[in-house]
Amino acid sequence: MESVETQSWLQKLEEQLNVDVDWMDPTYSKNLQIRPNDMTSNNLWVNIQMSHPDNKQLFENAVKELKSEGWLAIYNRIAVQMCKANIGNIKGRVALQVDPHQAYNTQAVLDHARAYAREFERAGIPKTRYFIKIPSTGPALNAVPALEAEGIRTLGTALFSLPQAIACSQAGTLYISPYFNAETRAHDDLSLWPNVEDPATQHTMSARIVHILETYKQLYKETGKEQPLLKNASFITPKEAMAAGEMGCHSATISHTVLEELSKLSYDGSKQPGEGVPKPVHAYRNAGPTPERLRKLSKIDPLAAADWDGKLVSTDIDYLANNGAELEKAIEKDPITVQRLDDALKLFQGGIRESMEKIEASMKNV
Ligand SMILES: O=C(CO)[C@@H](O)[C@H](O)[C@H](O)[C@H](O)COP(=O)(O)O
């Protein structure tokens, strides 16, 4: 057995939450220091991975076979097959994201999620081994109850606020993924990134993560209804990922660069600003309170608009009614969410557009 002294940050983090791999290359996930739980993806990762030389044959075969069904059918086939290549390397589920161009069209979200589900079935991957990522807008989340009723599990993505998280709970998603560095542009422009010493207490997104976790614990206590599991995403540094463990997130989906760094750092608890606790047996039934060190975050929101009244939104609002009208209203009132949601959708739209162009170019030659 490995001694505590030789444990890496990655191994320590896996004790506190489920570590997921946010990358689609099977060679990478196979060789990781720990066996990842889920494999997440988005339309950018699919686009990059479909151009990997190892997928040349898969790409060409899909174009040949499905040419008459259009580019999206080909995209779905390639994406699911690339998930299949990873399924043996992970313990949990693989993930695909619906077309972000359809983020405000309930029927199109339903259609795309069901088309993925048919491909997963064809590939022999059961519903227990995948989930579909749905943008956390009013219209898109309205597709979730029907999908969940069909056994197609979902994750609310592009999520930056408590109202979006409550809407996901009302819709019944399995997971939510708030982006810790919600400013997706922060990866490219580091001047936008809150580069702080102690991310758990000082990063501007930490308070919102704590609000969501506390609200879900409260909802579970009041209703007994399962709440979405919080899969934190978009970390720039290893210490941000460790902060997810301390905050009590249930999982963290981590890029290959940050996973690499985490696996090379030796864990020394005396040098950490705070430490998470081991994973509870049941995320909500056995949930502990917010750690003492982080309690002050419950009442602040550094990202809130200047006119915020200091109160967290009520869980009594029906955010899904009228095609998600109340959720759209809440998003509009929160300039940070408006901006970040727009950035995220545009980023992923760029990814799927590029895939469409590659597929259409290839269709002309077949
Ligand atoms: O699956 C998920 C979240 O559930 C991830 O792939 C998620 O899309 C990414 O972590 C985010 O888009 C952030 O990407 P990046 O900002 O770390 O490049």
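Residues numbered from 1 in each chain as written. Predicted model: local features only at pLDDT ≥ 70, side-chain atom pairs only at ≥ 80, totals over all residues. Heavy atoms only, no water.

The protein chain appears in an unreviewed UniProt entry as Transaldolase from Clohesyomyces aquaticus.

### What about the packing of aromatic side chains?
According to the stated counting rule, one finds eight aromatic pairs in the structure shown. With centroids separated by 5.5 Å and ring planes inclined at 85°, the aromatic side chains of Phe160 and Tyr179 adopt a geometry described as edge-to-face. With Phe160 in the loop between strand 4 (154-159) and helix 9 (162-171) and Tyr179 in the loop between strand 5 (175-178) and helix 10 (199-202), the pair connects residues that are 19 residues apart, well separated along the chain. Measuring from ring centre to ring centre gives 6.3 Å for Tyr216 and Tyr284, while their planes differ by 75°; the resulting arrangement is edge-to-face. Of this pair, Tyr216 sits in helix 11 (residues 206-223) while Tyr284 sits in the loop between helix 13 (256-264) and helix 14 (321-332), and the two are 68 residues apart along the sequence. For the residue pair Tyr216 and Tyr284, the accessibility class agrees, reading buried in each case. Grouped by ring-pair contacts, the aromatic residues Tyr216, Tyr220 and Tyr284 constitute a single cluster. (Phe/Tyr/Trp six-rings, centres within 6.5 Å; stacked < 30°, edge-to-face > 60°. Helix = DSSP H or I, 4+ residues; strand = E, 2+ residues; numbered from the N terminus. Buried < 20%, exposed > 50% of the residue type's maximum accessible area, 1.4 Å probe, protein only.)

### Looking at the packing of helix 5 (residues 71-87) against helix 15 (residues 335-364)
Contact geometry of helix 5 with helix 15 gives a least axis separation of 9 Å together with a crossing angle of 110°. Judged on the interaxial angle alone, helix 15 and helix 5 are roughly perpendicular. On the side of helix 5, the interface is formed by Trp71, Ile74, Tyr75 and Ile78, while helix 15 contributes Ile352, Ser355, Met356, Ile359, Glu360 and Met363. (Axes fitted to C-alpha atoms, helices over the stretch in contact; angles between N-to-C directions. Parallel < 35°, antiparallel > 145°, perpendicular 65-115°, else oblique. Contact = heavy atoms within 4.5 Å.)

### Focus: the pairing of strand 4
Most of strand 4 sits inside the fold, with six of its six residues counted as buried. Taken together, the four bridges between strand 3 (residues 130-135) and strand 4 define a ladder with parallel strand orientation. Of the residues in strand 4, the one forming a bridge with Lys133 is Leu155. Pairing of strand 4 with strand 5 involves three bridges; the strand directions are parallel. What sits directly across from Gly156, in strand 5, is Ile176. Each parallel crossover has a hand, and the one from strand 4 via helix 9 to strand 5 is right-handed. (Pairing = 2+ DSSP bridges. Right-handed = clockwise from strand over helix to strand, strands pointing away.)

### Some thoughts on the nonpolar core
In terms of nonpolar packing, the biggest core is built from 105 residues, with Phe120 and Ile254 touching the most fellow members. Counting residues per element, this core draws most heavily on helix 5, at nine residues. In this view, Phe120 contacts Val80, Cys83, Val94, Leu96, Ile125, Tyr130 and Ile132; residues no more than four positions away in its chain are not counted. Membership of the second largest hydrophobic core comes to five residues, among which are Ala95, Phe131, Leu155 and Tyr175. (Core = buried A, V, L, I, M, F, W, Y, C linked by side-chain atoms within 4.5 Å.)

### Focus: the confidence of the model for the protein chain
Residues of the protein chain with pLDDT of at least 70 account for 97%, and the chain-wide mean is 95. For this predicted complex, the interface confidence reaches an ipTM of 0.94, while the overall pTM sits at 0.96. (pLDDT = per-residue confidence, 0-100.)

### Remarks on helix 1 (residues 9-16)
Summarising burial for helix 1: seven of the eight residues are buried, a large majority. Along helix 1, the residues classified as buried are Trp9, Leu10, Gln11, Lys12, Leu13, Glu14 and Gln16. Each element contacted by the buried residues of helix 1 is listed here: strand 1 (18-21), helix 12 (238-247), strand 7 (251-254) and helix 13.

### Some points on the environment of Lys239
Note that Lys239 resides in helix 12. Taking the C-alpha atoms as reference, Lys239 lies 8.7 Å from Glu197; in sequence the two are 42 residues apart. Contacts of Lys239, omitting those with residues within four sequence positions, involve Trp9, Val196, Glu197 and Pro199. Engagement of the side chain of Lys239 in a polar contact is seen with the backbone oxygen of Glu197, the distance being 3.2 Å. (Polar contact = N/O pair within 3.5 Å; in protein donor to acceptor, adjacent residues only side chain to side chain.)

### Details of unusual backbone geometry
The phi torsion at Asn322 lies on the positive side, around 50°, for a residue other than glycine. With respect to the helices and strands, the residue Asn322 is situated in helix 14. The residue Asn323 is not glycine, and still its phi comes out positive at about 60°. Tracing the backbone shows Asn323 in helix 14. Using a relative accessible area of 41% as the deciding quantity, one classes Asn323 as partly exposed.

### A look at the sheet that holds strand 5
Strand order in the open sheet formed by seven strands is 1-7-6-5-4-3-2, and the pairing between neighbours is parallel. Each edge of the sheet is formed by a strand with only one pairing partner; in this case those strands are strand 1 and strand 2 (94-97). When strand polarity is set aside, the average angle formed by the axes of neighbouring strands in this sheet is 25°. The pairing of strand 2 with strand 3 spans four bridges and is classified as parallel. The residue of strand 3 that forms the bridge with Leu96 is Ile132. Here helix 13 sits on the sheet and contacts strand 1 and strand 7; the angle it forms with strand 7, its principal contact strand, is near 110°.

### Here's the deal with the environment of Ser255
Looking at where Ser255 falls in the secondary structure, it is placed in the loop between strand 7 and helix 13. The spacing of Ser255 and Phe235 is 20 residues in sequence and 7.5 Å in space, taken between C-alpha atoms. One polar contact links Ser255 to Thr257, side chain to side chain, over a distance of 3.1 Å.

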